Amino acid sequence: MKLVIILVGLAGNAAAARAADQNDVIFSAMKDEMDRGLQRLQMEKLDRPYFIGLTVRDADTASTYAQFGAVVSTVADHARFAMADVRVGEATFDNTNFLGGGFGGARSGRVGLSIDNDYDALRHSLWLFLDRLYKNALERISVKRAIAKTKTHLARAPDFTRAEPVEIVEEPARLGIDLGAWEERVRQLSAVFREFPLIEQSGVDLSAVALNHYYVNTEGTRVLRPETYLELKAWVYAQASDGMHLSDSTSFLVKRAEDLPTAAAAEQAMRALGERLSKLAQAPEIEDYTGPVLFTSSAAAQFFKVLLADNVSDPVLPLLENDAMVERIRGQKLVTKIGRRVLPLFIEAVDDPTRATLNDKPLFGCYPVDDEGVVPKIVPIVTKGRLSGYYMSRTPTDKFPASNGHGRWVGYGAKVAGATGSLFLSSTTPESYDALKDELLDACRDDDLEFGIIIDELGGDESSLASFGGDASLPDPIVIRKIFTKDGHEEWARGGSFGKITPKLLKEILAAADDANVLNAIDGGVTPLATPFSIVAPSIVVKELDIKKSEGEKDKPPLIPHPFFARGK
Amino acid sequence: MLTCCLLVALAARGEEPERPAGVVLAVMQKELARTLQHLHEQESEQKETDPVYFLGYAVTDREVRSAAASMGALLDRTVNRQRLLDVSVRVGDHQLDNSHEIRGDRGFGGGGGATNVPLEDDPDALQASLWAATDEAVKAARERFVKVKTNKTVKVEEEDPSPDFSVEEPSAHTEATPANDLDLDAWIARLRRLSARFKGEPDVLGSVVSVNAERRVTHFVSSEGSRLETGYLALRVMLSASTKADDGMELSRYEAFDSHSPGKLPDDAVIAAAIEKMIGELKALKKAPVVEPYTGPAILNNRASAVFFHEIFGHRMEGHRQKSSEEGQTFTKKLGEPVLPEFLSVLDDPTLAVFGTTDLNGHYLFDDEGVASQRITLVQDGVLKSFLMSRSPIARFPSSNGHGRREPGLSAVARQGNLVVESHKVVPYAELRAMLIEACKQQGKPYGFVFEDISGGFTTTQRFSPQSFKVIPLYVTRVYQDGRPDELVRGVDIVGTPLASFAKIVATADDPAVFNGYCGAESGSVPVSAIAPSILVSEIEIEKKQKEQDRPPLLPSPLGDKASKPGSGS
């Protein structure tokens, strides 16, 4: 059955005709070479491909960067590359989904393609690419078969499952940007930091990518998913008087150029950033703290990204040559805990990539079809505090036999794995933010603490938070707000970091507010390898956390005064 | 040649009319002066015994316009400009400073990495960038100097007690660099058209036709009073194509056309002819037999001989290799002794801009340490006379001869510019070939080899590896002594040890030619040229090339595969 969902095709104007031409050429080159491969690729009497999925990413990128009122770089590029999934053997046991066989490993890789819409040139490149991947697939399945023979107990889920074919073809995205105007914009915004003598270094960057994700597979799926992302970002760096390095950044991530902040709003944001770091540079260093912490704003969403979302992603355990690798691959993942408590009873978590906006704010984790051509489903992740699901690609696990439409390119195009779309967290017993603050103060009083801590923002690059597995750790907080029990006044502190944490911390959540903090971010950044997602989370109070005085670098202050700010002194 | 050197010397004294210094140079001088003043005040206040005794700024303005096409379609179009800042700080004194080798530390290269600075001539923004990079570089230099001193006390005395940094006269020169006005869109149309030729060749698996134009302007100031603004425009059209033999061996051909002005790039007819030649050669190579290991006489044709001298001889002439405890030092103790046959002389002359009508890649007036380039005779009548010198002195060579080169972000070391091999035992090429056949007969060998083209090679100059080399020929023919026609072969690598190989050069032809290229070593990629005549070697050793495992593609090219065209129902 072929399910046609959307077919956007505007006729009648030149741009639409060009777009249609691009789609025709790219799709026919992909499909013709893929079909030929499926039917005719065979080396001697060895396995033939049983499935081919072919991706072409076409991306227009542009960025311009300025420091202190002058443009440092401006880059514009159009690139196109292919990635492919060539499977030999059969769905129950194929060449994928295992680790072993030495350094060679699975050669998925990418191949650069012509940026002209030239059928012959595209096919020629795809021909050589599929040939290489097919030969590699044969090598891999023979190694995998040999390894499987050494395993005494081998009851594994299949390597692949069927998915309904879909056809979702939209109009390709284009980047229509006036780079000269952009340069003027970052030049002006970066000059704002000339007002802040404590800010030693700073920069403002405006980047954009218009990417067209083409996908076809041998089951009949055909997808063109256009996406555009723009980001205005600023960073600042200062040193405290004791030499501690401090940095902060601010970012506006949007899907349409007209949603970027106005000149006045952007300038105000630059100034706020400059003021914040200047103030922080003069704040005292934090002392070691153990006690309740309130996470709000983006920090609340980042908390759930690190502790929950990453731990319910990429759930598949590949066949391992070396079983000792299990620990390293699984890390602290929660995926073995289906049906068990992972959060307090009052917290619910649902992933819903079908929702486009929240309170008129676009959600970046919304997509019509995932990177394997599967239409996303709404997935209950945590129900009444118990783990009820996780992110599935087309590689099954023992618990879930099919994809739930969360198969996405992760780790800068390293692989397709189950990953976050838009994760919504909420409390069944929400309270107002003010009440939550009172809970924090009450918890402090119970522990005889003079003050509690509020965190608004964690460090790390907000727009390109990527999950690299291994031990979870929360990025260092930027501003630490101390709130005092006796009168509720606040003081800032700098330089703290969280110690080692585990997902068990999720159960230590005391209460959650009725707010919805939205974190829109992109695994891979504003690049052709972008995989965007959203986390929507309430502000929360965690019962007990350690914040240690940072062991981060302290350096001598600058040897010589800044040439601009020292002038006239 | 002497005239060139004189001109440079005059310019350095400022007696030539100069362009007014631009904003970049002015800001660099201003921040340099301010920094030195502050540092000296602080150092005298703190009674610092290890002062910053040298500070240098280099800002490299690099503007690239390039495009590449394959099979009639565009692969890439790049227009990019960046300004890269290198800050060079020396702590201690000329004898011992922070650049000194730390023995046992095999860390790569050195150099603090380059920083991107504003493209715009905004004095405040530029000065702020210089300030931030200087702060970091001074702190890093002081830290490293502490390690140097510790290392020096715990290790045995060094073989070469030469100072770390030479004393040189300051240089002053500014020149205008031509604009990078390559008409990229016109070139893109040409690249599409020219590269489409490969569509008709199903055996050619990979092919690219590209153009690259780079304008580079370097601004340099130092605490010694040097002030330079120099630059060049380098253009290159590059062709590459490859195929696979039935046994899986990768076979490739390259051709490059280098010049200093767009007008001197080849026209379509020349490029098309080069493409035809490549296609013909690849087809012939695909069918050519694989050779067995062999030792016997061979000719290296001029351009192959130039690459051979650059790789095997030139790199061993680089001054710093005579000093480092890690290096094999093949030639260090051979000064004044014969190292080549007496009919050969070798010099390196970066002041040469052209050879015949060919623009030379290795031309520059000042090196990356701000020293005027010099023509330097390395070997005179077979006898070793000198080395290529940067500002890192070695025994008997206390000064630079203008060969300190680097890519932005790395530390300069001695590198080649234009390496020239001269011979006074020359015969016409036909006679050299007759001599090859004669040598085969004398040695009782049924055939010898002619190496037409060499892609480059590997040579280990370091002490912990054997002093051997391997060069990768791309186009080799077998010449039979019994008069049979020449036969193209494949799968050959030349191996050997440098001293033994040079001793076996018996004659040269009268046909010196230029190889223009880019040479990669510890200080990065630098443009170089090598000029040499064809040489006859009485004995060369070749071994079988390591072969790739993958077979040629299983399916025929889709462009010729009628069964797979769209609409065919497949």
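Overview of the structure. Counting restarts for each chain, with residues numbered from 1 along the sequence as it is written. Lettering for chains starts from A, numbering for ligands starts from 1, and both go in the order in which the items are written. Totals for whole chains, interfaces and linings use every residue, but because this is a predicted model, local features are given only for residues with pLDDT of at least 70 and side-chain atom pairs only at 80 or more, for both listing and counting. In computing side-chain properties, one takes all heavy atoms of the structure into account and sets aside hydrogens as well as water.

## A short note on unusual backbone geometry
Here is step 1: Here the phi dihedral of Lys384(A) falls at roughly 50°; this positive angle occurs in a residue that is not glycine.
Here is step 2: Tracing the chain through its elements places Lys384(A) in the loop between strand E16 (379–383) and strand E17 (386–387).
Here is step 3: The phi angle at Met71(B) is positive, at roughly 55°, despite the residue not being glycine.
Here is step 4: A run of H or I in DSSP counts as a helix once it spans at least four residues, and a run of E counts as a strand once it spans at least two, with each numbered from the N terminus. Examined against the element boundaries, Met71(B) turns out to sit in the loop between strand E1 (52–70) and strand E2 (73–91).
Here is step 5: The class for Met71(B) is buried, based on a relative accessible area of 4%. Here the term buried applies to any residue with accessible area under 20% of the maximum for its type, exposed to any over 50%, and partly exposed to those in between, with areas from a 1.4 Å probe on protein chains only.

## Quick look at helix H7 (residues 429–443) of chain B
Residue and element names in this part refer to chain B.
Here is step 1: Given a helix with a known number of residues, its expected span is that number minus one, times 1.5 Å. Given a rise of 1.5 Å per residue, 15 residues ought to cover 21 Å, and the 21 Å separating the end C-alpha atoms of H7 matches this to within 8%.
Here is step 2: Buried residues of H7: Leu-432, Leu-436, Ile-437, Ala-439 and Cys-440, and no others. All buried residues of H7 lie within an arc of 155° about the axis, which places them on one face of the element. The exposed residues of H7 that point more than 90 degrees off its buried face are Ala-430 and Gln-442.
Here is step 3: In what follows, a contact means two residues having at least one pair of non-hydrogen atoms within 4.5 Å. Those residues of H7 hidden inside the fold are in contact with strand E8 (294–300), strand E17 (426–427), strand E18 (447–459), strand E19 (469–480), strand E22 (505–509) and strand E25 (535–544). What the arc describes is the spread of directions from the helix axis to the C-beta atoms.

## Side note on the interface of chain B and chain A
Here is step 1: Opposite the 53 residues of chain B that make contact, chain A presents 54 residues.
Here is step 2: Buried area adds together the accessible area that both of two parts lose upon being put together, with accessible area traced by a 1.4 Å probe. Of the roughly 4500 Å² buried between chain B and chain A on both sides combined, carbon and sulfur atoms contribute 55%.
Here is step 3: When the buried surface of chain B facing chain A is broken down by residue, Trp131(B), Leu554(B) and Leu555(B) rank first, second and third, together holding 16% of it.
Here is step 4: Salt bridges are counted wherever a side-chain nitrogen of Lys or Arg sits within 4 Å of a carboxyl oxygen of Asp or Glu. Between chain B and chain A we count eight salt bridges in total.
Here is step 5: A salt bridge links Asp120(A) to Lys199(B); the shortest N-O distance between them is 3.3 Å.
Here is step 6: Residue assignment for the side of chain B that touches chain A shows that the elements contributing at least two residues are helix H2 (23–45), E2, strand E3 (115–117) and helix H3 (123–154) of chain B.
Here is step 7: The dominant element in the side of chain B that touches chain A, judged by the number of residues it contributes, is H3(B), at eleven residues.

## Quick look at the nonpolar core
Here is step 1: For our purposes a nonpolar core is just a set of buried Ala, Val, Leu, Ile, Met, Phe, Trp, Tyr and Cys residues, chained together by side-chain atoms within 4.5 Å. Ranked by internal contacts, the top residues of the largest apolar core, which has 54 residues, are Phe295(A), Phe303(A), Phe304(A), Leu308(A) and Ile455(A).
Here is step 2: The element contributing the most residues to this core is helix H5 (residues 297–307) of chain A, with seven residues.
Here is step 3: Dropping the residues within four chain positions of it, Ile455(A) is found in contact with Val293(A), Leu294(A), Phe295(A), Thr296(A), Ala299(A), Pro477(A), Val479(A), Ile480(A), Phe498(A) and Ile547(A).
Here is step 4: Within the second largest apolar cluster, 50 residues are counted, among which are Ile394(B), Leu419(B), Ile535(B) and Ile542(B).

## Some details on the pattern of salt bridges
Residues and elements named next belong to chain A.
Here is step 1: The final tally for this structure, using the stated rule, is 72 salt bridges over all chains.
Here is step 2: Asp-35 is paired through a salt bridge with Lys-31; the nearest N and O atoms lie 2.6 Å apart. You can see Asp-35 and its partner Lys-31 sitting in helix H1 (residues 14–40), four residues apart, about one turn around the helix.
Here is step 3: A relative accessible area of 12% places Asp-35 in the buried class.
Here is step 4: Overall, Lys-31 belongs to the partly exposed group, its relative accessible area being 37%.
Here is step 5: Salt bridges sharing common partners tie together Arg-57, Arg-225, Glu-227 and Asp-371.

## Re H3(B)
Here is step 1: For H3(B), spanning 32 residues, the distance from its first C-alpha to its last is 46 Å, which sits close to the expected 46 Å at 1.5 Å a residue.
Here is step 2: Counting of polar contacts relies on pairs of N or O atoms within 3.5 Å, with two restrictions inside protein: one atom must be capable of donating a hydrogen and the other of accepting it, and residues adjacent in sequence are counted only when both atoms are side-chain atoms. One side-chain oxygen of the residue at the start of H3(B) lies 3.0 Å from the amide nitrogen of Asp124(B), identifying that residue as Asp122(B).

## Brief notes about the sheet that holds strand E23 (residues 513–521) of chain B
For sheets, the rule is that strands pair by backbone hydrogen bonds, running either parallel or antiparallel.
Residues and elements named next belong to chain B.
Here is step 1: With mixed pairing, six strands are arranged side by side in an open sheet as E13-E12-E9-E16-E24-E23. The two strands at the open ends of the sheet, each matched to only one other strand, are strand E13 (383–384) and E23.
Here is step 2: Strands pair, by our definition, only if DSSP identifies at least two bridges between them. Relative to E13, strand E12 (residues 376–380) runs antiparallel, the two sharing two bridges. What sits directly across from Gln-380, in E13, is Val-383.
Here is step 3: Strand contacts of helix H6 (residues 302–313): strand E9 (344–348), E12, strand E16 (418–423), E23 and strand E24 (524–532), with the helix running at about 30° to E23, the strand carrying the most contacts. Interaxial angles span 0 to 180 degrees and are taken between N-to-C directions of axes, which are lines fitted to C-alpha atoms, for helices over the stretch in contact.

## A look at the sheet that holds strand E26 (residues 517–523) of chain A
All names here are of chain A.
Here is step 1: If you trace the six strands from one edge of the open sheet to the other, you get E17-E16-E13-E20-E27-E26, paired in mixed fashion. Strand pairing shows two members of the sheet lacking a second neighbour, E17 and E26, which therefore form its edges.
Here is step 2: Across the sheet, H5 touches strand E20 (422–427), E26 and strand E27 (531–537), and the angle it forms with E27 is around 110°.

## As for the pairing of E22(B)
The side chains of a regular strand alternate between the sheet's two faces.
Residue and element names in this part refer to chain B.
Here is step 1: Most of E22 sits inside the fold, with four of its five residues counted as buried.
Here is step 2: Note: E17 against E22, two bridges, orientation parallel. Within the sheet, the bridge partner assigned to Val-426 lies in E22 and is Thr-508.
Here is step 3: Across three bridges, the pairing between E22 and E25 is antiparallel. Bridged to Thr-508 within E25 is Ile-535.

Purely spatial values, then, with no claim about function.
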